[in-house]
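Fold and geometry: a report
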Amino acid sequence: MELLYASCVGVLVTCGIYLLLRARTFPVVLGLTMISYAVNLFLFSAGRLTINKAVVLGTGADYADPLPQALVLTAIVIGFAMTAFVVILAIRGRADLGNDHVDGHLVKSNNKEHR
């Protein structure tokens, strides 16, 4: 179980880094989102992966740690806000520059220069 979980986190980070290195804005947004998902999974695993444990205190000696769950919930909200902000920046960059390249340079396609 832990190997599968760690592999999923590793694949998400790898795909996120690959997408961050692309030259277009939409893959960069997707890469940031994938890395934030990987961080959420990592934070959730920090509370030890347990099965059939009580969620709150008072029902038994063994309980699930609520702190990683609270951290993940906070990270989800922050990740959503960050994604919305980056999408707005990408739309504004596309409107101002005329292309969706991250560096903003002129792009030559079909022997025409696009800005």
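First, a word on what this report is: a plain description of the structure on this page.

Procedures and definitions
- Residues numbered from 1 in each chain as written.
- Predicted model: local features only at pLDDT ≥ 70, side-chain atom pairs only at ≥ 80, totals over all residues.
- Heavy atoms only, no water.
- Helix = DSSP H or I, 4+ residues; strand = E, 2+ residues; numbered from the N terminus.
- Expected span 1.5 Å × (residues − 1).
- Buried < 20%, exposed > 50% of the residue type's maximum accessible area, 1.4 Å probe, protein only.
- Contact = heavy atoms within 4.5 Å.
- Salt bridge = Lys/Arg side-chain N within 4 Å of Asp/Glu carboxyl O.
- Patch = residues over 30% accessible without salt bridge, like charges linked within 9 Å, V, L, I, M, F, W, Y side chains within 5 Å.
- Areas by Shrake-Rupley, 256 points an atom, 1.4 Å probe, with all protein chains shown as cover.
- Axes fitted to C-alpha atoms, helices over the stretch in contact; angles between N-to-C directions.
- Parallel < 35°, antiparallel > 145°, perpendicular 65-115°, else oblique.

Let us now look at helix H2 (residues 25-45). Spanning 21 residues, H2 covers 31 Å between terminal C-alpha atoms, matching the ideal 30 Å at 1.5 Å per step. Along H2, the residues classified as buried are Thr25, Pro27, Val28, Val29, Gly31, Thr33, Ser36, Ala38 and Asn40. Summarising the contacts, the buried residues of H2 are in contact with helix H1 (2-20) and helix H3 (66-97).

With that settled, the discussion passes to the pattern of salt bridges. Enumeration according to the criterion identifies 2 salt bridges in this entry. For the salt bridge of Asp100 with Arg24, the shortest nitrogen-to-oxygen distance reads 2.5 Å. With a gap of 76 residues between them, Asp100 in the loop between H3 and strand S1 (107-109) and Arg24 in the loop between H1 and H2 connect regions that are remote in the sequence. Assessed through its relative accessible area of 38%, Arg24 is described here as partly exposed.

Among the surface-exposed residues, Val13, Ile17, Leu20 and Leu21 lie close enough to one another that they form a single nonpolar patch of about 340 Å² accessible area. Topologically, Ile17 is positioned in helix H1. The exposure class of Ile17 is partly exposed, given its relative accessible area of 42%.

With that settled, the discussion passes to H3. With 32 residues, H3 ought to run about 46 Å at 1.5 Å a step, and its terminal C-alpha atoms sit 46 Å apart, in line with that. Among the residues making up H3, those that are buried are Pro68, Val72, Gly79, Val86 and Ala90. Looking at the buried positions of H3, the neighbouring elements they touch are H2. In the stretch just after H3, Gly98 is the one whose phi turns positive, near 90 degrees.

Glancing now at the packing of H2 against H3. Where H2 meets H3, the axes come as close as 9 Å, and the angle between the chain directions of the two elements is 175 degrees. Here H2 lies roughly antiparallel to H3, going by the angle between them. Here H2 contributes Thr25, Val29, Leu32, Thr33, Asn40, Leu43 and Phe44 to the contact with H3, which in turn contributes Pro68, Gln69, Leu71, Val72, Ala75, Ile76, Met82, Thr83, Val86, Val87 and Ala90.

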